Amino acid sequence: MKIAVVGATGLVGSVMLEELSLRGFANHEIIPAASPKSVGKTIDFAGRKLTVVSPEEAIAQKPQYAIFSAGASTSRKYAPLFAEVGCTVVDNSSCWRMHDDVPLVVPEINMNAVGPNHRIIANPNCSTIQMVLAVSRLHWRYQIKRLVISTYQSITGTGIKAVRQLEAEEDYFAHHEVLSSQLGETMMQELGDQYQPAYPYQIFRNLFPHGGDFNPDGYTTEEQKLVDETRKILGDPNIQVTATVARVPVVGGHSEAVNIEFYNEYDINEVRQLITDTPGVILADDPAHNLYPMPITAHNRPEVFVGRVRRDNTQPCTLNLWCVGDNLRKGAATNAVQILERLVKKA
Ligand code: A2P
């Protein structure tokens with residue numbers, strides 16, 4: 001079998017390669033593709049050296065499957081071209097997610113949305129995947145009316161440029177006694193090319209309530225994804241979702257505080273059991289022993305971790321929980337490769 005990985009040199013792409021090798025695809029033919037600047041470079045895959053090609057060359061090799069993590073514009077241009085040669089594409093960008101004829105899939109929830117004729121399957125946004133998986137069985141049992149979500153998102157969700165920004169800032173602070181507010185141009189001048197920020201502000205010792213771009217209504221694109229994608233994956237357009245996304249100087253994964261109002265009353269012990277029984281979810285909830293999930297809990301793990309499960313005492317049928325997932329793993333690469341695993345099994 002031939003599997004193309006478009007965006008193979010990126011942060012998510014490299015984790016996709018790792019997941020492919022971990023999940024039984026090590027002996028298949030993997031075709032890594034990236035932008036012209038990377039064509040001809042070699043990358044390691046399961047002990048082999050692979051040469052990076054252009055998306056056009058990858059299409060010419062007629063792979064049966066392709067997984068994409070190369071940004072929305074690359075997906076918009078190339079996913080249909082891969083589909084035209086009979087390839088099934090699992091796309092990690094935001095480009096196709098809300099198209100009516102493209103399934104948006106978390107395999108533990110709605111793999112049944114994928115039909116035999118779907119050639120493009122969308123991988124949801126990282127914050128959506130971990131949250132929607134954590135609450136899925138609760139929705140099936142008690143029916144969610146409304147979600148209020150606050151995220152604390154890792155910089156790895158922005159890509160390599162953001163990781164380099166944080167590293168350059170950490171390095172700078174290790175050698176300078178400057179107040180953060182005095183940084184600005186001095187740091188720019190001293191660090192030169194090493195400092196090409198991905199964000200409008202310093203992220204080290206800082207955070208911003210800003211993920212993606214601002215829409216005219218004051219919400220960000222990352223916040224809107226949580227609204228739209230949750231409804232599509234859970235198949236319920238009536239679920240009310242409101243979100244605030246924050247970017248924090250963290251690398252291991254995204255954390256989310258989630259307030260859930262159900263239509264039906266719940267039993268807290270049953271809630272814990274439903275979370276424990278959700279495939280791919282681990283309940284880590286023992287406050288007496290300081291047990292709750294953190295980004296370092298989830299880092300490099302394929303599961304989503306849930307803790308701080310407790311009743312919201314301010315209104316009936318309402319629950320609070322905290323969930324954490326590695327945004328490069330379950331939030332991106334792991335979910336995409338799990339979709340691929342199931343497609344291959346079905347075929
Ligand atoms: P490259 O490394 O050659 O720029 P990240 O999100 O970590 O920045 O990674 C983005 C990924 O998408 C990289 O592998 C990048 O390749 C790839 N990419 C960007 N633009 C294109 C393009 N036009 N065609 C194919 N791959 C692209």
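By convention here, each chain's residues receive numbers from 1 onward along its written sequence. Where local features are concerned, this predicted model is filtered to residues with pLDDT of at least 70; where side-chain atom pairs are given and counted, the filter is 80 or more; whole-chain, interface and lining totals use all residues. In computing side-chain properties, one takes all heavy atoms of the structure into account and sets aside hydrogens as well as water.

To continue, consider the overall build of the chain. What counts as a helix is a DSSP run of H or I of at least four residues, what counts as a strand is a run of E of at least two, and both are numbered from the N terminus. If you tally the helices and strands in the chain, you get eleven helices and 13 strands. Throughout, the radius of gyration refers to the C-alpha atoms, and the reference size of a globule is 2.2 Å times the residue count to the power 0.38. By the compact-globule yardstick of 20 Å for 347 residues, the chain fits well, its C-alpha radius of gyration being 21 Å. Based on the C-alpha atoms only, the size of the chain along its principal axes is roughly 60 × 60 × 40 Å. Buried residues in the chain amount to 52% of all 347 residues. Considering only contacts in the chain between residues 6 or more positions apart, those separated by 24 or more positions represent 68%. Under the convention used here, a 1.4 Å probe and the Shrake-Rupley method define accessible areas, while residue burial counts only the protein chains that appear. Total accessible area on the chain is roughly 15600 Å²; 50% of this is exposed by carbon and sulfur atoms. We count Lys and Arg on the positive side and Asp and Glu on the negative side, and we leave His and both chain ends out. Every charge is mapped to an atom, namely NZ of Lys, CZ of Arg, CG of Asp or CD of Glu. Positive and negative side-chain charges of the chain, numbering 32 and 38 respectively, have mean locations separated by a distance of 5 Å. Burial status follows relative accessibility: with a 1.4 Å probe on protein chains alone, a residue under 20% of its type maximum counts as buried, one over 50% as exposed, and anything between as partly exposed. Only heavy atoms enter the contact rule, under which two residues are in contact if any of them lie within 4.5 Å.

What follows concerns the site of the ligand. Among the 15 residues in the neighbourhood of the ligand, the closest are listed as Thr-9, Leu-11, Ser-35, Lys-37 and Ser-38. Identification of polar contacts relies on pairs of N or O atoms within 3.5 Å, with a donor-acceptor requirement for protein atoms, meaning one able to donate a hydrogen and the other able to accept it, and with residues adjacent in sequence counted only if both atoms are side-chain atoms. Between Lys-37 and the ligand, the recorded distance is 2.8 Å, taken from a side-chain N or O atom to an oxygen atom. Summarising the interface, the protein chains cover 70% of the accessible area of the ligand, which totals 570 Å² for the free molecule. The classification used treats Ala, Val, Leu, Ile, Met, Phe, Trp, Tyr, Cys and Pro as nonpolar, Asp, Glu, Lys and Arg as charged, and all other residues, Gly among them, as polar. Looking at the shell around the ligand, its residues break down into six nonpolar, eight polar and one charged. Being near a molecule or strand, for a residue, comes down to having at least one heavy atom within 4 Å of it.

Here the bend at a residue means the angle between the axes of two seven-residue stretches, the one that ends at it and the one that starts at it. Of all the bends in helix α11 (residues 329–346), the greatest, near 35°, is centred on Asn-335. A large share of α11 lies buried, amounting to 13 of its 18 residues.

A few words now on the sheet that holds strand β7 (residues 120–122). The rule for pairing is simple: two strands pair if DSSP sees at least two bridges between them. Pairing is parallel in the open sheet, where five strands are placed in the order β2-β1-β5-β6-β7. Where the open sheet ends on each side, the last strands, each with one partner, are β2 (29–33) and β7. Averaged over all pairs of adjacent strands, the angle between strand axes in this sheet comes to 20°, irrespective of strand direction. Sheet topology places strand β6 (residues 88–91) next to β7; three bridges connect them, and they run parallel. Only the stretch in contact is used when a helix axis is fitted, and all axes are lines through C-alpha atoms; the angle between N-to-C directions ranges over 0 to 180 degrees.

Let us look at the pairing of β2. The buried fraction of β2 is high, at four of five residues. Where strand β1 (residues 2–6) lies against β2, five bridges are found, and the strand directions are parallel. Residue pairing in the sheet places Ala-4 in a bridge with Ile-31 of β2. When the strands point away from the viewer, a crossover counts as right-handed if the route from the first strand across the helix to the second turns clockwise. Taking the sense of rotation as the criterion, the β-α-β connection linking β1, helix α1 (residues 11–22) and β2 turns out right-handed.

Turning our eyes to something else, we now look at the domain arrangement of the chain. For the domain bounds, the source is a domain assignment made automatically or taken from a database. Under the domain assignment, the chain is made up of domain 1 (2–124 + 332–346) and domain 2 (128–157 + 208–327). Domain 1 and domain 2 are separated by 26 Å when their C-alpha centres are compared. We define buried area as the total accessible area lost by two parts upon association, computed with a 1.4 Å probe and summed across both. Carbon and sulfur atoms supply 67% of the area that domain 1 and domain 2 bury against each other, a total of about 1400 Å² over both sides. Of all residues in domain 1, the largest losses of buried area upon contact with domain 2 belong to Met-98, Glu-108 and Ile-109, amounting jointly to 39% of the total for that side. The term salt bridge refers to a pairing of a side-chain nitrogen on Lys or Arg with a carboxyl oxygen on Asp or Glu at a separation within 4 Å. Remark: the boundary between domain 1 and domain 2 carries one salt bridge. Here domain 1 and domain 2 share six residue pairs in polar contact (both at pLDDT 80 or more) between them. At the level of elements, α4 (107–110) and α11 are the ones that each hand at least two residues to the side of domain 1 that touches domain 2.

Attention now goes to the packing of aromatic side chains. The aromatic pairing rule takes the rings of Phe, Tyr and Trp, using the six-membered ring of Trp, and pairs them if the centres are within 6.5 Å, calling planes under 30 degrees apart stacked, those over 60 edge-to-face and the rest tilted. In total, this model carries nine aromatic pairs according to the counting rule given. Here Phe-173 and Phe-204 contribute two aromatic rings whose centre-to-centre distance is 4.8 Å and whose plane-to-plane angle is 40°, an arrangement assigned as tilted. Taken together, the residues Phe-173 in helix α6 (residues 160–175) and Phe-204 in the loop between α7 (184–191) and α8 (221–234) connect sequence positions 31 residues apart. Grouping residues by exposure puts Phe-173 and Phe-204 together as buried. Three or more aromatic residues link up through ring pairs in this structure, and these residues are Tyr-142, Phe-262 and Tyr-266.

Time to look at a nonpolar patch on the surface. Each patch groups residues whose relative accessible area exceeds 30% and which form no salt bridge, using 9 Å between like charges and 5 Å between nonpolar side chains of Val, Leu, Ile, Met, Phe, Trp and Tyr. Together, Tyr-292, Met-294 and Ile-296 make up an exposed nonpolar region whose accessible area comes to about 300 Å². Mapped onto the elements of the fold, Ile-296 is located in helix α10 (residues 295–298).

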